[in-house]
Amino acid sequence: MRWVGIASLVLASLAPGVFAVKSQDFKTCSQSGFCRRGRALSERAAEAKGAWVSPYSLDSSSLSISPNDASFTAAVKSSLYPDIKFGLELRIHDDGVVRVRMDEVDGLRKRYDEAASWALIREPEVSKDIKWSAGKKDVKAKYGENEVVVSYAPLKVTLLRNGKEQIVLNGEGLLHMEHFRGKEEPKAQEEEVVADSEGQQQEVLQPEPEVNPRAWFEGETEDAYWDEKFNTWTDTKPKGPESLSLDITFPNHAHVYGIPQHATRLSLPTTSGPDPTYTEPFRLHNADVFEYLADSTMSLYGSIPLMHAHSADSTVAIFNAVGSETWIDISHPVPGKSTKTHWISESGILDVFLLPGPTPSDVFAQYARLTGTTALPAHWSLGYHQCRWNYVSSEDVRSVQKRFDEEDIPVDVFWLDIEYAEEHKYFIWDKRSFPDPVEMTNDVAATGRKMVVIIDPHLKRTSSYPVYQEASEKDLLVKNKDGNEYEGWCWTGSSSWLDCFNPAVVDWWVEKFKLEPSKNGFSWVESTKDVHIWNDMNEPAIFNGPEISMHKDSIHHGGWEHRDVHNINGMLFHNLTSLAVLRRTDPPQRPFVLTRSFYAGSQRFGAMWTGDNLGTWDHMAVGIKMVLANSIAGMAFAGSDVGGFFGNPEPEMLVRWYQVGIFSPFFRAHAHIDTKRREPYLLDEPYKSIVKDTLRLRYKMLPVWYTAFRETSVTGKPVVRPHYVEFPKDINGFELDDQFFVGSSGLLVKPVTEKGATEASVYLPAEDQVYYDYFSHSTYLSSGTGKRIILPAALDQIPLLLRGSSILPTRERPRRSSPLMAKDPFTLTVALGRGGDAKGELYLDDGTGYQHESGEWVWREFVASTEGKKKNAKVRIENKNLGKTRAGEAVDPTRVTDVSTETYDSNNAFAKSIEEVRVEKVLVLGLGSKPLSVKVEIPGEGEKELVWEWKEGVAAGDKKIKDGAVVSELVVKDPRVGITKEWAIVVQL
Ligand code: NOJ
């Protein structure tokens, strides 16, 4: 039990190299009945080779094609169980996504069918234009380049593009929906005993074994149908077997990505077939895995059943809307060409969405239309978060803040872990150490900073805790299998859990966060609007429960077993809390709520982090891959604990970890209670100054991060992007997961995650483009086939490139927190591309409220273009108004008000509030020769000469740029132009 195991945890955290996951606490596939059954099915299929035929078929006589839209229903039968009825439904959405649903009809019980309703933002519109047509062997629909073919016997669903198979369901015949059945009592064994002449027992004749006609498919035994033991727990399984097996094949895609969260490479390695990388399938079963491995298919805290399949031809994806524990095997039938996946879930209906792509951007938009986009975060939450378990008192918080300020190190948020709460009764301050929580928060807020305080979902079972008392009286808690309040152990000791599936919890939980006294019980009056929330342990983590979680036979609202909803549970708590924080203020302020557990759709409610990582180089490295995997699965606001949760990182490691952290969408340092203090100001030189500069770099780049977040909030494209997303045709980049791009900014970073490194190898994309070292401005030329370059990477150097053709807006003045930068001037770095062109964007709004949704924003586009020949060329750098949502962006309709293109007014109140904000410097990299003049043109004001400096060097367009060559630089000093205004800087060569 973790509760009593803290002492051993201390030892582990202090002694490097002795970290070890307690794998005995978690099941392997062979210890899980339904996974065992699913894998055995696939082994039988493999042994049968070509003779294997799926027993499931569509009854064409039952086919009912809707006359109004692109949907049909049909009956499905299994030849194994002719009396059991299944219903199939296919729908093609407006955007070409195909939804495949199958359920048992008139079964003994109802299968859980609500997973999609939690994940989806709304019921998608079914296309009215696309039509199904039924033939003798199949029913088909063709639209654009896509075609969906549903074959009757055996049942198979294929999505094709230009005649080429993209996604195939049940092509391998592994579909199996175990139907509900009554429990048969085992037959008494009849034995015939024959006695010899002396009356001695001689021979025992066994009756002829019955031939089981289903054994070829289901196996001989009823393996763990009605109960299952694991360690000291018995799962009672009153509903019997109800698992779901499905093969999903990508015949023309050699790479699959996604299904977070696992600590593995981004391009998912194999788990079956010849020489698999792992022998265990990937598992999706939200779990608090203590000291998790840096390379494993084991489950972690969150589960998103979304998988991308990628080739140079196309990107497609599947979203399997299932909320129960799921195992996924991956193999490559034809290595380098195809991928086969086998999904085995414990319960629920089949509800699979096929996303046709064909580009990564299309897939992101399709997934965003289903599950929503990352909510645009409060601007301050992109700053640096300082956390540890624990800042132990109000005075501690104040003195940490003071130290940051004395050292001029920027920070936006101070965090409080569980020790702020009396006996871990969340909301209730421990007044011995936090006598003045409101004053403490106000002191932090005085510099524009915020606090984040932890609220976990376990409630201490004591009458002295009003939150528990109320929840119990109102019947808002999860029940055990016998119908009583579920009880388990967590930080609070004996605890119960809020049942977030109960709609009555919503208003009640919202009330708990109200800052004013409430007539309806407890409300958090000892808090302020500057306190935001951290939801931890919401898998849920239960120290004395099976696999450190909740018993699967416990009961949620509506009578559903925990097994049906396990992976969704954490998202609902996060959702509720984010709603509660939003409703605390009027007009509403954007809530910040961090979650550890998550599911498809969690991106709508806030940020996530990768949990209790270890202070090792391996964990630092895999954290990047995990953030990328979460990002492509919608969770764009992701990060890992900087410094590693367990252990005491040496200064070199801590420095490198900050360099990783500043390139994470969510950037927080955190540490276990038994670690030494490691706030950046405690470091010796030169480490302290390096970390300070690193933090300042994050702050300088906040405009880039905010613009990238704005893009993800409307398009679903992630904030940090792996290579295949930006260069989908560059086959040499499909495995890359240690370098990535920041939004559409042109920044390409490869954080160093190796001890003692002095240089780093970076892959340049397959394109004819120049890349600039962000710091030295040295140039590197990529080519049509892609290539590797070596960048210097001493401890104070981050391998960071800016792609030619980019314009980067930054704010270079060091400040103590991000709100203090709101009126700071901008620097524009114009990185000319090979043709003398460049582009960049800047999005700004008030950063905290929702007025941007009624058009109060600033969205600028910077464009550089070159006219004329080399010597006489003229380079124009323009600041243009973008202002409106681009057509085709998947604006999230769950927002408070929709972003309207109609209401946008470039003179809106926010734009006016920053009209004095100017550009203080323009740096132009890669001009062909020294300018004759540099002028600014302002509409209505005419032309003015500007002050500038020139440094000779190579031009972006040079054919023979040598890697590492010094680039030409033009520095235009204080052009006296506004960031919100139209102007052009004209450089005459
Ligand atoms: C587990 C979380 O993962 C960790 O970040 C936190 O410090 C502890 N719980 C204590 O709340």
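Residues numbered from 1 in each chain as written. Predicted model: local features only at pLDDT ≥ 70, side-chain atom pairs only at ≥ 80, totals over all residues. Heavy atoms only, no water.

(A) A look at the sheet that holds strand E19 (residues 315–320). Ordered in space as E1-E2-E3-E4-E22-E19-E18-E16, the 8 strands form an open sheet in which the pairing is antiparallel. Two strands bound the open sheet, and with one partner strand each, they are strand E1 (56–65) and strand E16 (255–258). Taking the axes of each pair of neighbouring strands and ignoring which way they run, one obtains an average angle of 20° across the sheet. As defined by bridge partners, E1 adjoins strand E2 (residues 71–78) across 6 bridges and the pair is classed as antiparallel. Within E2, the residue paired with Ser 57 across the bridge is Lys 77. (Pairing = 2+ DSSP bridges. Helix = DSSP H or I, 4+ residues; strand = E, 2+ residues; numbered from the N terminus. Axes fitted to C-alpha atoms, helices over the stretch in contact; angles between N-to-C directions.)

(B) Examining the UniProt feature "domain: Glycosyl hydrolase family 31 C-terminal" (unreviewed entry) in the protein chain more closely. UniProt's entry tags residues 716–808 with the feature "domain: Glycosyl hydrolase family 31 C-terminal" (unreviewed entry), counted in the numbering of this structure. Counted over residues 716–808, helix gives 4% and strand 37%. Its end C-alpha atoms are 21 Å apart. (UniProt positions renumbered as here; feature names shortened; annotations may be inferred.)

(C) Layout of the site of the ligand. Residues in contact with the ligand amount to 13 residues; listed here are only the nearest, Asp 417, Asp 536, Arg 596, Asp 612 and His 670. In this structure, an oxygen atom belonging to the ligand sits 2.9 Å away from a side-chain N or O atom of Arg 596. Note that an oxygen atom of the ligand is positioned 2.9 Å from one of the side-chain N or O atoms of His 670. Alone, the ligand offers 300 Å² of accessible surface; in the complex the protein occludes 100% of this. For the shell around the ligand, the class distribution of residues is 8 nonpolar, 1 polar and 4 charged. (Near = heavy atom within 4 Å. Polar contact = N/O pair within 3.5 Å; in protein donor to acceptor, adjacent residues only side chain to side chain. Areas by Shrake-Rupley, 256 points an atom, 1.4 Å probe, with all protein chains shown as cover. Nonpolar A, V, L, I, M, F, W, Y, C, P; charged D, E, K, R; others polar.)

(D) View of the pairing of strand E4 (residues 98–105). Of the strand pairs in this sheet, strand E3 (residues 81–92) and E4 are connected by 8 bridges, and their pairing is antiparallel. In the sheet register, Arg 91 faces E4, and the bridge partner there is Arg 99. With antiparallel pairing between neighbouring strands as the criterion, E3 and E4 make up a hairpin whose turn holds 5 residues, including Gly 96 at a positive phi of roughly 90°. Both E4 and strand E22 (residues 350–355) contribute to a ladder of 5 bridges, which runs antiparallel. Note on E22: the bridge partner recorded for Arg 101 is Asp 351.

(E) Quick look at the packing of helix H12 (residues 651–661) against helix H13 (residues 687–700). Contact geometry of H12 with H13 gives a least axis separation of 9 Å together with a crossing angle of 5°. Taken together, the axes of H12 and H13 lie roughly parallel to each other. Between H12 and H13, the contacting residues are Pro 651, Glu 652, Val 655, Tyr 658, Gln 659 and Gly 661 on the first element and Tyr 687, Ile 690, Val 691, Thr 694, Leu 695 and Arg 698 on the second. Of the residues assigned to the contact of H12 with H13, the class counts are 7 nonpolar, 3 polar and 2 charged. (Parallel < 35°, antiparallel > 145°, perpendicular 65-115°, else oblique. Contact = heavy atoms within 4.5 Å.)

(F) Spatial organisation of the environment of Gly 804. For Gly 804, the position within the fold is in the loop between strand E42 (800–803) and strand E43 (806–810). With relative accessibility at 0%, the residue Gly 804 sits in the buried group. It is 41 Å that separates the C-alpha atoms of Gly 804 and Arg 99, two residues lying 705 residues apart in sequence. Setting aside its immediate chain neighbours within four residues, Gly 804 contacts Gln 769, Val 770, Tyr 771, Tyr 772, Ala 831, Leu 832 and Gly 833. (Buried < 20%, exposed > 50% of the residue type's maximum accessible area, 1.4 Å probe, protein only.)

(G) Seen up close, unusual backbone geometry. With an omega dihedral of -5°, the bond running from Ala 153 to Pro 154 counts as a cis peptide bond. Relative to the elements of secondary structure, Pro 154 occurs in the loop between strand E7 (146–151) and strand E8 (156–161). At the junction of Glu 685 and Pro 686, the peptide bond is cis and its omega measures out at 5° in the coordinates. Relative to the helices and strands, Pro 686 resides in the loop between strand E34 (668–669) and H13. Residue Asp 475 is not a glycine yet carries a positive backbone phi of 65°. Inspection of the secondary structure assignment puts Asp 475 in the loop between helix H8 (466–473) and strand E27 (488–490). Looking at Asp 475, the relative accessible area reads 45%, which means it is partly exposed. At Met 537, a residue that is not glycine, the phi angle is positive and equals roughly 55°. Locating Met 537 in the fold gives a position in the loop between strand E29 (531–535) and helix H10 (562–583). Using a relative accessible area of 1% as the deciding quantity, one classes Met 537 as buried.

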